[in-house]
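# Geometric and topological summary
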Amino acid sequence: MSDKSKEISTEVANSILIEAKAKRKENRQLLLISTISVLVFLGIWELAVRIGWIDSKYLCAPTTVVKTFIQKLSDPKPDGAVLGVHIITSLKLVLVGYCSAVIVGVPLGLIMGYYHTFDKLVSPIFEIIRPIPPIAWIPLSIIWLGVGTTAKAFIIFLAAFVPCVINSHTGIKLTPAVYLNVAKTSGASRWEIFWTVSKNYAMPLAFTGIQVALGNAWSTLVASELLAATAGLGYMIQQGRSLVRPDIIIVGMLTIGVIGAILTTLLSKLENHVVKWRSRG
């Protein structure tokens, strides 16, 4: 390698190193700003409750929320179960309904988007069902399935099912015609084109639907646990409302938020593993 080439390589390496350092510095600054903003918000909230700007009957202080959270880890009062039991109960309920929706909804959306005849057959029924809010199905679910876990999981299934179908269907429809034509020219069968081209191209949008479905599943949890529940985060929130305990309500809400964030992160990692071609592109 010539001296000039070595100099160029050194300059490129130094440029990359400087850029990496600048990026790390920027990330640290953003983290610091975010932390300060959260602390300021919590401080104002605490102060507003302590000096009486906000009645503690309607909104408790952050320190009270922390105390209630610690208490609920071991004390079942006043809603009848410790926080761990509520979390496990809700997780089982959400995951059963949500996973069922993904297993059924994503393939259905992919097939509807690819096979025109099947789309025409199913779409009218789906378009009638799609605008109906999941909680509107509660009376029928009680008649059909009773008031047990199956009925609750069914409500969550309906909430998560729609975005899975819509996004998978849209992803297939957006497959560029040039990709399909190249596959046809190469002699691929219709099934091979669907499986290797259309399905893979639709996966990023399908995962977007899966993530939206996860949010829908958790947001429907509170309504579904109105059905004769004795435990669960939704039940805990409802009991907090009945007992006028905003600390219990907020603990339940924050727990749902944290679990939802963790599951969303896991889904993002799964997406990066499944849709590897996108990161390479």
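Residues numbered from 1 in each chain as written. Predicted model: local features only at pLDDT ≥ 70, side-chain atom pairs only at ≥ 80, totals over all residues. Heavy atoms only, no water.

Turning our eyes to something else, we now look at the overall build of the protein. Helix and strand counts for the protein come out as 11 helices and zero strands. Helices and strands appear in the protein in the N-to-C order α-α-α-α-α-α-α-α-α-α-α. Over its C-alpha atoms the protein spans a radius of gyration of 25 Å, topping by over 25% the 19 Å that the globule rule assigns to 281 residues. Overall size of the protein, expressed as C-alpha extent along the three principal axes, is 70 × 65 × 30 Å. (Helix = DSSP H or I, 4+ residues; strand = E, 2+ residues; numbered from the N terminus. Rg over C-alpha atoms; globule rule 2.2 N^0.38 Å.)

Here we take up the UniProt feature "transmembrane region" (unreviewed entry) in the protein. UniProt annotation of "transmembrane region" (unreviewed entry) refers to residues 30-48, 93-115, 136-162, 217-236 and 248-267 when read in the numbering used here. Secondary structure across residues 30-48 divides into 100% helix and 0% strand, with the first and last C-alpha atoms of the span separated by 27 Å. Its end C-alpha atoms 17 Å apart, residues 217-236 is made of 60% helix and 0% strand. (UniProt positions renumbered as here; feature names shortened; annotations may be inferred.)

Another aspect to go through is the nonpolar core. If you look at the biggest cluster of nonpolar residues, it comprises 58 residues, and the most contacted ones within it are Y98, I210, W218, L221 and L233. Elements supplying a minimum of two residues to this core: helix 1 (3-50), helix 3 (83-114), helix 4 (116-129), helix 6 (149-173), helix 8 (190-224), helix 9 (233-242) and helix 10 (246-274). The element contributing the most residues to this core is helix 8, with 13 residues. Those residues within four positions of W218 in sequence are excluded, and the remaining contacts are S90, L91, V94, L233, I256, I259, G260 and L263. (Core = buried A, V, L, I, M, F, W, Y, C linked by side-chain atoms within 4.5 Å. Buried < 20%, exposed > 50% of the residue type's maximum accessible area, 1.4 Å probe, protein only. Contact = heavy atoms within 4.5 Å.)

Attention now moves to the pattern of salt bridges. On inspection of all chains with the given rule, the structure shows five salt bridges. Residue D119 pairs with K173 through a salt bridge whose shortest N-O separation is 3.9 Å. Remark: K173 occurs in helix 6 and D119 occurs in helix 4; sequence separation between them is 54 residues. On the basis of relative accessibility, which here comes to 9%, the residue D119 falls in the buried class. In this structure, E127 engages R130 in a salt bridge whose closest nitrogen and oxygen atoms are separated by 2.9 Å. (Salt bridge = Lys/Arg side-chain N within 4 Å of Asp/Glu carboxyl O.)

Now for the packing of helix 8 against helix 10. Their axes nearest at 11 Å, the elements helix 8 and helix 10 cross at an angle of 165°. Overall, the two elements helix 8 and helix 10 adopt an arrangement that is roughly antiparallel. Our pair here, helix 8 against helix 10, has a crossing hand that is right-handed. Across the interface between the two elements, P204, F207, I210, Q211, L214, W218 and L221 from helix 8 touch I256, I259, G260, L263, T264, L267, S268, L270, E271 and V274 from helix 10. Grouping the amino acids of the contact of helix 8 with helix 10 by side-chain chemistry returns 12 nonpolar, four polar and one charged. (Axes fitted to C-alpha atoms, helices over the stretch in contact; angles between N-to-C directions. Parallel < 35°, antiparallel > 145°, perpendicular 65-115°, else oblique. Left-handed = near helix turned anticlockwise from the far one by under 90°. Nonpolar A, V, L, I, M, F, W, Y, C, P; charged D, E, K, R; others polar.)

Now for the layout of surface pockets. Taken as a whole, the largest pocket spans an internal volume of roughly 190 Å³. L42, W45, P62, V65, V66, F69, L83, V251, L254, T255 and V258 together form the lining of the largest pocket. For the lining of the largest pocket, the secondary structure elements donating two or more residues are helix 1, helix 2 (62-72) and helix 10. Considered class by class, the residues forming the lining of the largest pocket number 10 nonpolar, one polar and no charged. (1 Å grid on protein atoms, 1.4 Å probe; cavity = no way out; pocket = protein on both sides within 12 Å on 5 of 7 lines; lining within 4 Å. Points joined across faces, edges and corners; volume = space filled by probe spheres on them.)

Below, the discussion takes up the packing of aromatic side chains. Working definition: an aromatic ring pair is given by the centre-to-centre distance plus the angle between the planes. Taken as a whole and assessed by the stated rule, the structure comprises 12 aromatic pairs. The interplanar angle of 50° and the centroid separation of 5.1 Å between the aromatic rings of Y114 and F194 together place this pair among those described as tilted. Of this pair, Y114 sits in helix 3 while F194 sits in helix 8, and the two are 80 residues apart along the sequence. Y114 gets classed as buried once you look at its relative accessible area, which sits at 15%. Three or more aromatic residues joined by ring pairs make a cluster, and in this case those are Y114, Y115, W191, F194 and W195. (Phe/Tyr/Trp six-rings, centres within 6.5 Å; stacked < 30°, edge-to-face > 60°.)

Taken together, the side chains of K21, R24, K25 and R28 present a region of like positive charge at the surface. Looking at the secondary structure, you find K21 in helix 1. On the accessibility criterion, K21 (49% relative accessible area) is partly exposed. (Patch = residues over 30% accessible without salt bridge, like charges linked within 9 Å, V, L, I, M, F, W, Y side chains within 5 Å. Areas by Shrake-Rupley, 256 points an atom, 1.4 Å probe, with all protein chains shown as cover. Lys, Arg positive; Asp, Glu negative; His and termini not counted. Charge placed at Lys NZ, Arg CZ, Asp CG, Glu CD.)

On to unusual backbone geometry. The residue after K77, namely P78, is reached through a cis peptide bond having omega 0°. Examined against the element boundaries, P78 turns out to sit in the loop between helix 2 and helix 3. Phi angles above zero are rare outside glycine, and V244 is one such case at about 55°. With respect to the helices, strands and loops of the structure, V244 is situated in the loop between helix 9 and helix 10.

Right, let's get into the UniProt feature "domain: ABC transmembrane type-1" (unreviewed entry) in the protein. In this structure's numbering, the residues bearing the UniProt feature "domain: ABC transmembrane type-1" (unreviewed entry) are residues 87-267. Between the end C-alpha atoms of residues 87-267 the distance is 19 Å, and the span holds 83% helix and 0% strand.

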